[in-house]
Amino acid sequence: MKKNKILVTGGAGLIGSQVIQDLNEQGIYDIIVCDHLGTSEKWKNLRRNQYLDYMEKEVLQRYINDPKDFFKDISHIIHLGACSATTEKDSTYLIHNNYTFTKDLAHIAVKNKISFVYASSAATYGDGEFGYDEIISLEFLKPLNMYGYSKHLFDLYATRTGLIKEITGIKYFNVFGFGEEHKGDMRSLVLKGYEQIKTTGKLNLFKSYKPEYKDGEQKRDFLYVKDASKITLFLLWERKTGIYNLGRGVAETWNDLAAALFGAMGKPVQIEYVDMPESLKAKYQYYTCANTNKLINAGYNQGFTSLKDAVSDYMVLLGKEGPE
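Residues numbered from 1 in each chain as written. Predicted model: local features only at pLDDT ≥ 70, side-chain atom pairs only at ≥ 80, totals over all residues. Heavy atoms only, no water.

(A) The arrangement of the overall build of the protein in detail. Looking only at helices and strands, one finds ten helices and 13 strands in the protein. Relative to the globule expectation of 20 Å for 324 residues, the C-alpha radius of gyration of the protein, 19 Å, shows essentially globular dimensions. Principal-axis analysis of the C-alpha atoms gives the protein an extent of 60 × 45 × 40 Å. Across the 324 residues of the protein, 53% fall into the buried class. Partitioning the contacts of the protein with sequence separation of at least 6, the portion at a separation of at least 24 is 76%. Of the accessible surface of the protein, which amounts to about 14,800 Å², a share of 50% is contributed by carbon and sulfur atoms. (Helix = DSSP H or I, 4+ residues; strand = E, 2+ residues; numbered from the N terminus. Rg over C-alpha atoms; globule rule 2.2 N^0.38 Å. Buried < 20%, exposed > 50% of the residue type's maximum accessible area, 1.4 Å probe, protein only. Contact = heavy atoms within 4.5 Å. Areas by Shrake-Rupley, 256 points an atom, 1.4 Å probe, with all protein chains shown as cover.)

(B) Representation of helix α6 (residues 225-237) within the structure. Between the first and last C-alpha of α6 there are 18 Å, a value that for 13 residues agrees with the 18 Å anticipated at 1.5 Å per step. Within α6, ten of the 13 residues are buried, leaving the element largely enclosed by the surrounding structure. Of all the residues in α6, the buried ones are Val 225, Asp 227, Ala 228, Ser 229, Ile 231, Thr 232, Leu 233, Phe 234, Leu 235 and Leu 236. Phi for Arg 239, located one or two positions after α6, is positive at around 50°. (Expected span 1.5 Å × (residues − 1).)

(C) Structural detail: the sheet that holds strand β4 (residues 74-79). Across the sheet, which stays open at both edges, the seven strands sit in the order β3-β2-β1-β4-β5-β6-β11 with parallel pairing between neighbours. Strands at the two margins of the open sheet, each flanked by one partner only, are β3 (53-56) and β11 (242-246). Strand-to-strand, the axes of this sheet are offset by a mean angle of 20°, without reference to chain direction. Sheet topology note: the strand β5 (residues 115-121)/strand β6 (residues 168-172) ladder contains five bridges and is parallel. Looking at β6, one finds that Ser 120 is bridged to Lys 171. (Pairing = 2+ DSSP bridges. Axes fitted to C-alpha atoms, helices over the stretch in contact; angles between N-to-C directions.)

(D) Layout of the packing of aromatic side chains. Taken as a whole and assessed by the stated rule, the structure comprises 19 aromatic pairs. Centre to centre, the rings of Tyr 132 and Tyr 287 are 6.2 Å apart; their planes meet at 50°, and the pair counts as tilted. Taken as a pair, Tyr 132 in the loop between β5 and α4 (146-161) and Tyr 287 in the loop between α8 (278-281) and α9 (293-297) lie far apart in primary sequence, 155 residues in all. The class for Tyr 132 is buried, based on a relative accessible area of 6%. Taking the centre distance of 5.6 Å and the plane angle of 65° together, the rings of Phe 234 and Tyr 300 count as edge-to-face. Note that Phe 234 is positioned in helix α6 and Tyr 300 in the loop between α9 and α10 (307-321), a separation of 66 residues in sequence. (Phe/Tyr/Trp six-rings, centres within 6.5 Å; stacked < 30°, edge-to-face > 60°.)

(E) Representation of the environment of Asp 73. Looking at where Asp 73 falls in the secondary structure, it is placed in the loop between α2 (57-65) and β4. The sequence separation of Asp 73 and Ile 114 amounts to 41 residues, and the corresponding C-alpha distance is 9.3 Å. Of the polar contacts made by the side chain of Asp 73, one reaches the side chain of Lys 5; its length is 2.8 Å. (Polar contact = N/O pair within 3.5 Å; in protein donor to acceptor, adjacent residues only side chain to side chain.)

(F) Quick peek at the environment of Gln 21. Mapping Gln 21 onto the fold places it in helix α1 (residues 14-25). Residue Gln 21 is classed as partly exposed on the basis of its relative accessible area of 22%. Residues Gln 21 and Arg 48, spaced 27 residues apart in sequence, show a C-alpha to C-alpha distance of 7.1 Å. Look past the residues within four positions of Gln 21 in its chain and what remains in contact with it is Arg 48 and Asn 49.

(G) View of the pairing of β5. Among the seven residues in β5, seven count as buried, and that is most of the element. The alternating pattern of β5 places Ser 115, Val 117, Ala 119 and Ser 121 and Phe 116, Tyr 118 and Ser 120 on opposite faces, both of which are buried. As defined by bridge partners, β4 adjoins β5 across four bridges and the pair is classed as parallel. Within the sheet, the bridge partner assigned to His 79 lies in β5 and is Tyr 118.

(H) Spotlight on the pattern of salt bridges. According to the stated counting rule, one finds twelve salt bridges in the structure shown. Between Asp 227 and Lys 230 there is a salt bridge; the shortest N-O distance is 3.9 Å. Of this pair, Asp 227 and Lys 230 are both found in helix α6, three residues apart, which corresponds to roughly one turn of the helix. (Salt bridge = Lys/Arg side-chain N within 4 Å of Asp/Glu carboxyl O.)

Structural data, given as structure tokens:
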């Protein structure tokens, strides 16, 4: 039997649902979606997608433990499923969910000659002491939270065992866009800001606690989800193995983001700088910016959506459907 099915884990999430939408636009519908819907509202993301079958994470775990014939006609696995809460404190849960699950699924993929792309994270770079370049030895990196460390562990494992030569890891930077409404405190500032401005007319940003950064001048590499999905599929179809940064290679400030947001909403800029919670101060990244040379050298030449254009497009989508 010809392998022709694509398994997308985390398919109801922000990036996953966009990936499935893009696959659909490429005429691909033989997709098996895996996620853990629980009591969240992320099932609503699946309404715009067309796919063959859906399964909960526990079902896929049973197939991993006892594969039988499940993987025989799967050609590609896009593994985006994970607990992405940077504030999650249950380390045992994160190890099982983000590390062990990924490791087991990757080995099955390689054994069955299935193309495998998995989500790593820019959180693996920690405070950026050594920069944001894939050529940095993973041994030097010190993530600031357990989420980042759980992702880092698999990057380390795949590299030390040589597995990374047969699979693709993607270090997503600050991804935002339609489909993140279910993420609670992990929603992007774009969505949180949209809701704040719509309700109060102003936007709250954290004060800076480093003298080299003024309030609101902390910088991030903001990446639109449509770009994240497009590049994920580029790496998948081109079978580019190894670990890749996925950002725009541009660091912009929270103030820049605020200006784009107020502009897209047709509102005057009103920012209030507020105290950062004590629990975040030691784990806060003041600067992130992906080195994208490896991605560009791999042949990606379709560019990136500017922050202003991405925010404007997102606002249009929110205006049509609105966060629920």
